[in-house]
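Here's the letter readout for the chains.
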Amino acid sequence: MPELPEVETVVQGLRARLEGRRILGVSLHQPLIVRGDVALLRRALPKSRIERLERRGKFIIVHLEKPTSLRARHCLIVHLGMTGQLFCCRPSLPYEKHTHVTIELETGEQLRLRDPRRFGRLEVIPAARLEAYFAHLGAEPFEISLAEFAARLARRKAPIKSLLLNQDLVRGLGNIYSDEALFAARIHPALPAGRLDVRALRRLHRAMQRVLRAAIAAEGTSFSDYVTADGRLGRFQYRLRVYGREGEPCRRCRRPIRRLVLTGRSSHYCPHCQPRVRRIVTGRH
DNA sequence: AGCTCTTCCTGAAAGC
DNA sequence: TGCTTTCAGGAAGAGC
């Protein structure tokens, strides 16, 4: 599942092959992957030059220079959903199933978007609408201060795990890195966020940044479909402490990792290393 | 406003 | 063995 480290790895890998290059054309094999104005996408991409790539949370933003055929600058926005792959390849590479979009580049290469589960999206918007488009998104995990992080979680009653997944607070964490950050900070995923004390908040703020940096250094976690921009696998799956390890021994205390469901998402944790500091009323049982 | 549930989609895994 | 059912999850939108 592409989360911040996977998206960052893809963006870094694509920069050298895309920035400064011109787009020749675009083919939509599965138009349903496109959100918003499909006609605009078909108009804006051909003949545009790619100025630069940017990541915001789990979104990829391709900034396009203004082609002579259009009045304004535009941006291509890509979200990889949970099985999306965005990669450069030679045109001779056979089309894999679920390849939805092909973008032809002046270099002779192709930029392809493949996404078996189709939770991803592709959209072109005028550059002037970019900030409004992302207005709801929370802060970057590497930019948010501890004070701001604490303020956003204060008095919230939802489980801390659920709020880490909420992109409006902090952007970029998904199920894997939320679980890993909570383990590293020794915080139980079901704990209401507002009950975290200052020390727990500091541990979580640090753990979140440390886990994400380590995952970026390892080029992400290849758990299901994720590959880098060159089609290689990430390496962080070998360093996961709790995610996907239900029943296996905790790497710290050797007790079995458990799994519980919070707001429809599985949470992996160690009951011993991540104790409930106070009794939680869950409303279940 | 805050929180939870549902929906979209496919393939792998579990169940019978 | 082979078919059917269940499950996984990001984020938008509905509902409470």
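Worth saying up front: this structure is predicted, and the values here are computed from it rather than measured. (Residues numbered from 1 in each chain as written. Chains lettered and ligands numbered in written order. Predicted model: local features only at pLDDT ≥ 70, side-chain atom pairs only at ≥ 80, totals over all residues. Heavy atoms only, no water.)

Trainee: Hey, could you run me through helix H6 (residues 175-184) in this one?
Mentor: Along an α-helix, a turn takes 3.6 residues, which lines up residues three or four apart on a common side. When you tally the buried positions in H6, you get nine out of 10 residues, the bulk of the element. When we look at burial in H6, the residues that qualify are Asn175, Ile176, Tyr177, Ser178, Asp179, Glu180, Ala181, Leu182 and Phe183. Summarising the contacts, the buried residues of H6 are in contact with helix H1 (4-18), helix H5 (160-165), helix H7 (198-217) and strand S10 (265-269). Of the residues flanking the end of H6, it is Arg186, one or two places downstream, whose phi is positive at about 60°. (Buried < 20%, exposed > 50% of the residue type's maximum accessible area, 1.4 Å probe, protein only. Helix = DSSP H or I, 4+ residues; strand = E, 2+ residues; numbered from the N terminus. Contact = heavy atoms within 4.5 Å.)

Trainee: Mind showing me how you'd approach the packing of aromatic side chains here?
Mentor: We describe a pair of aromatic rings using the distance from one ring centre to the other and the angle between the two ring planes. Under the counting rule described, the total for this entry stands at three aromatic pairs. With centroids separated by 5.1 Å and ring planes inclined at 75°, the aromatic side chains of Phe59 and Phe134 adopt a geometry described as edge-to-face. Pair noted here: Phe59 is in strand S3 (residues 59-64) and Phe134 is in the loop between helix H3 (130-133) and helix H4 (146-153), with a separation of 75 residues, a long-range link. Side by side, Phe59 and Phe134 carry an identical accessibility label, which is buried. (Phe/Tyr/Trp six-rings, centres within 6.5 Å; stacked < 30°, edge-to-face > 60°.)

Trainee: For this particular structure, what's the right way to read the protein's contact with DNA strand C?
Mentor: Taken together, 14 residues surround DNA strand C, and among them His79, Met82, Arg117, Arg259 and Arg265 come closest. Per the 4 Å cut-off to the protein, sugar and phosphate atoms form 53% of the nearby atoms of DNA strand C. In the model, a phosphate oxygen of DNA strand C is placed 2.4 Å from a nitrogen or oxygen of the His79 side chain. In this structure, a base nitrogen belonging to DNA strand C sits 2.5 Å away from a side-chain N or O atom of Arg265. (Near = heavy atom within 4 Å. Polar contact = N/O pair within 3.5 Å; in protein donor to acceptor, adjacent residues only side chain to side chain.)

Trainee: What should I look at first to understand the domain arrangement of chain A in this one?
Mentor: Interfaces are frequently sized by the accessible area removed from exposure as the parts join. Splitting chain A by domain gives domain 1 (4-133) and domain 2 (146-269). Here the C-alpha centroids of domain 1 and domain 2 sit 29 Å apart. Domain 1 puts 20 residues into the contact, and the matching count from domain 2 is 19 residues. The junction of domain 1 with domain 2 conceals about 1500 Å² of combined surface from both sides, 61% of it contributed by carbon and sulfur atoms. (Domains from an automatic or database assignment. Buried area = accessible area lost by both parts, 1.4 Å probe.)

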